[in-house]
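Chain residues, written in single-letter form:
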Amino acid sequence: MKGDLHVHTTLSDGSLGMEEVIAQAKRIGLDFISITDHDTMSSVSRAKVLGERYGVQTIPGVELTAWDKTRNRKVHILCYAPQKPDRLEGICRRCSEIRQSCAKETVENVLKLYPITAEDITKHLSGSKSIYKQHILHALIEYGYSTHFYGKLNDELFNEKTGSCIVEREYPDVNYVLELIHSARGAAVLAHPMVYDSVDLIDDLASNGKLDGIEVYHYSADEEQQAMLLAKANEYDLIVTGGSDFHGLYNMRPTHLGMYTTDKDNIDRILRLCSKK
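Predicted model, so just to flag it, every value in this text is computed and none were measured.

Focus on the sheet that holds strand β2 (residues 32-35)
- Strand order in this open sheet of 4 strands is β3-β2-β1-β9, and the pairing throughout is mixed. Every other strand in the sheet has two partners, leaving β3 (57-58) and β9 (262-263) as the edge strands with one partner each.
- Judged from the 2 bridges that link them, strand β1 (residues 2-7) and β9 form a sheet pairing that is antiparallel. Considered in β9, the bridge of Lys-2 is made with Asp-263.

Set out below in structure tokens:
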């Protein structure tokens, strides 16, 4: 038995709706799935209903945005199966407000460079509360300024270090986010450590008992890096997860649902951990 524990839908920056995603999970033989949209848990109730309809077990999840103050960089934390999800509503709202503020300025910057309208962008939001760069790129592609989402145009506008239009602000401290996850009786897993160069952060958090798991299996880590992350997980007796980080049309790389998965032993560890808290 296996599950894809990192999946996005139109509730954040994915291109497919929740039912399309869960139906696909059934077609490819996944036993478990977790919808982990950014800073929102609005998927939980509907995901459960759809999971029962299609015969796929759903694990409530969310990918929370945090900030590593020591290294002054963003970090993502996956929260699974919180028994008191209402305790996460405030942090989800706060992170969404920060993202919306950044997105507003980002859109203004893009509109100074390209003759499109804000409405051209917002029509692609679907169920998302925030504008993501994928929505902006979608509009630019429609008007012929690029033929694909990732490449020269994306790098020029949204590269995190050199992009001309990107706007970034500090998110809530990662230690605070982890405290909230545990107060909600959820499991806290560090998402894709290679994306934001968060390997050193693992030692900081795990040595203090603040981290429950590491997303080892993700497209951002090659085999050598996965082996290193697995060794870290074993060193601190952490849960080992895998997920496709699926975004549909908005995937950064060719990544299909179920490309990376979590085995049942580690899924059981997540569920046992949360039920005992």
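Okay, back to it.
A short note on the environment of Asp-203
- Residue position: Asp-203 is located in helix α8 (residues 199-206).
- Its relative accessible area of 22% is what places Asp-203 among the partly exposed residues.
- The sequence separation of Asp-203 and Tyr-236 amounts to 33 residues, and the corresponding C-alpha distance is 8.7 Å.
- Contact partners of Asp-203, with chain neighbours within four places excluded, come to Lys-232 and Tyr-236.
- At 2.7 Å, the side chain of Asp-203 forms a polar contact with the side chain of Tyr-236.

Notes on the pairing of strand β6 (residues 187-190)
- Of the two faces of β6, the one carrying Ala-187 and Val-189 and the one carrying Ala-188 and Leu-190 are both buried.
- Of the pairings in the sheet, the one linking strand β5 (residues 73-80) to β6 comprises 4 bridges and is antiparallel in character. By the bridge assignment for β6, Ile-77 is matched with Leu-190.

Structural notes on the packing of aromatic side chains
- Tallying each qualifying case throughout the model produces 2 aromatic pairs.
- Ring centres of Tyr-114 and Tyr-145 lie 4.9 Å apart, and the angle between their planes is 70°; this geometry places the pair in the edge-to-face category. One end of the pair, Tyr-114, is in the loop between α3 (89-113) and α4 (118-122); the other, Tyr-145, is in the loop between α5 (133-142) and α6 (152-158), with 31 residues separating them in the sequence.
- Arranged with centres 5.1 Å apart and planes meeting at 70°, the rings of Phe-149 and Tyr-250 form a pair that is edge-to-face. With a gap of 101 residues between them, Phe-149 in the loop between α5 and α6 and Tyr-250 in the loop between β8 (239-242) and β9 connect regions that are remote in the sequence.
- For Tyr-250, a relative accessible area of 4% corresponds to the buried category.

Observations concerning the state of the cysteines
- In the structure shown here, the tally under the stated rule is 0 disulfides.
- Unpaired in terms of disulfides, Cys-95 finds its nearest cysteine sulfur in Cys-92, a separation of 7.1 Å.
- On the basis of relative accessibility, which here comes to 0%, the residue Cys-95 falls in the buried class.
- Of all cysteine sulfurs, the one in Cys-102 lies closest to Cys-165, which takes part in no disulfide; the gap is 13 Å.

How each quantity is defined
- Residues numbered from 1 in each chain as written.
- Predicted model: local features only at pLDDT ≥ 70, side-chain atom pairs only at ≥ 80, totals over all residues.
- Heavy atoms only, no water.
- Pairing = 2+ DSSP bridges.
- Helix = DSSP H or I, 4+ residues; strand = E, 2+ residues; numbered from the N terminus.
- Buried < 20%, exposed > 50% of the residue type's maximum accessible area, 1.4 Å probe, protein only.
- Contact = heavy atoms within 4.5 Å.
- Polar contact = N/O pair within 3.5 Å; in protein donor to acceptor, adjacent residues only side chain to side chain.
- Phe/Tyr/Trp six-rings, centres within 6.5 Å; stacked < 30°, edge-to-face > 60°.
- Disulfide = S-S within 2.5 Å.

Scope: geometric values only; no functional claims are made or implied.
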